[in-house]
Amino acid sequence: MSSPGAEPSIFSRIVAREIPATIVAENDHLIAFEDIAPQAPVHIVITTKTAEYANVVELAAGDPTLLAELVRMASTIADERTQGEFRLVFNSGAAAGQTVFHVHAHVMGVRDDSATLGEGSLGSL
Ligand code: AMP
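All figures in this text were calculated on a predicted structure; none of them were measured in a lab.

A. Molecular detail of unusual backbone geometry. Phi at R17 is positive, roughly 60°, even though this residue is not glycine. Topologically, R17 is positioned in the loop between α1 (10-15) and β1 (23-26). For R17, a relative accessible area of 47% puts it in the partly exposed group.

Next up, the structure:
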């Protein structure tokens, strides 16, 4: 959980429209936008509008319904932007590559049936 008085995360600043992002989906609780440094042909970040949860473990414990809603949004985005199959990654902790401590998922995929995601795109996140 973020500490009181901490600076807003970069994702809170995207939610507040203080910094630009290419937003691809949004509802009352979640926002999805293109990753600024894509690691796959389709690479979308989905984050919660609340900054209450630092990682997916905290989100699962604190609001499992919101986690399920996030997974549904990932599936919808994949249906719209890939051939429907996708990788969903939650980096949890700095040692796992997490750099933004505001829970988010990476939705990654390819646009057409002839391509597949390489395993390498997982390791670089
Ligand atoms: P993680 O390393 O799992 O914490 O993921 C953070 C992700 O946020 C990285 O893939 C970054 O490329 C992405 N990112 C950071 N800043 C921005 C931004 N301003 N707009 C879009 N994506 C961003």
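Here the narrative resumes.
B. Seen up close, the site of the ligand. Not every one of the 15 residues close to the ligand is listed here, only the nearest: D35, N91, G97, T99 and H106. Separating an oxygen atom of the ligand from a side-chain N or O atom of N91 is a distance of 2.9 Å. Note that an oxygen atom of the ligand is positioned 2.9 Å from one of the backbone N or O atoms of V100. For the ligand, the accessible surface in isolation is 500 Å², of which the surrounding protein chains cover 86%. Elements that contribute at least two residues to the shell around the ligand include exactly α1, β2 (30-34) and β5 (104-109). Top contributing element to the shell around the ligand by residue count: α1, with three residues. Residue composition of the shell around the ligand, grouped by class: seven nonpolar, six polar and two charged.

C. Inspection of the side chain of S12 at higher detail. With respect to the helices, strands and loops of the structure, S12 is situated in helix α1. Polar contacts involving the side chain of S12 include one to the side chain of H102, which spans 3.5 Å. The residues touching S12, leaving out its near neighbours within four places in the chain, are A51 and H102.

D. Fine view of the sheet that holds β2. An order of β1-β2-β3-β5-β4 is seen for the five strands of this open sheet, with the pairing classed as antiparallel. Either end of the sheet is taken by a strand with one partner, and the two such strands are β1 and β4 (87-89). Strand-to-strand twist in this sheet, taken as the mean axis angle between neighbours without regard to direction, amounts to 20°. The pairing of β1 with β2 spans three bridges and is antiparallel. Looking at β2, one finds that I23 is bridged to F33. Against the sheet, helix α3 (residues 64-81) engages β1, β2, β3 (42-48), β4 and β5, with an angle of about 155° to β3.

What counts and how
In this numbering scheme, every chain counts its residues from 1 along its sequence in written order. Owing to the predicted nature of the model, reporting of local features is limited to residues with pLDDT of at least 70; listing and counting of side-chain atom pairs is limited to 80 or more, with chain, interface and lining totals taken over all residues. Side-chain measures were taken over the full set of non-hydrogen atoms in the model, leaving aside hydrogen atoms and water. The secondary structure listing takes helices from DSSP runs of H or I that are at least 4 residues long and strands from runs of E that are at least 2 residues long, numbered from the N terminus. Think of it in three bands: with a 1.4 Å probe and only protein chains considered, a residue is buried below 20% of the maximum accessible area for its type, exposed above 50%, and partly exposed in between. A cutoff of 4 Å decides nearness: a residue is near a molecule or strand if any of its heavy atoms lies inside that distance of it. Polar contact criterion, stated in full: a pair of N or O atoms within 3.5 Å, where within protein one must be able to donate a hydrogen and the other to accept it, and residues adjacent in sequence count only if both atoms are side-chain atoms. Note on areas: Shrake-Rupley with a 1.4 Å probe; residue coverage comes only from the protein chains shown. All amino acids are sorted into three groups, where Ala, Val, Leu, Ile, Met, Phe, Trp, Tyr, Cys and Pro are nonpolar, Asp, Glu, Lys and Arg are charged, and the leftover types, Gly among them, are polar. Residue contacts are counted whenever heavy atoms from the two residues lie within 4.5 Å of one another. If DSSP finds at least two bridges between two strands, the strands pair. Here the axes come from fitting lines to C-alpha atoms, over the contacting stretch only for helices, and the angles between their N-to-C directions go from 0 to 180 degrees.

Everything listed here is a matter of geometry and, on its own, says nothing about what the molecule does.
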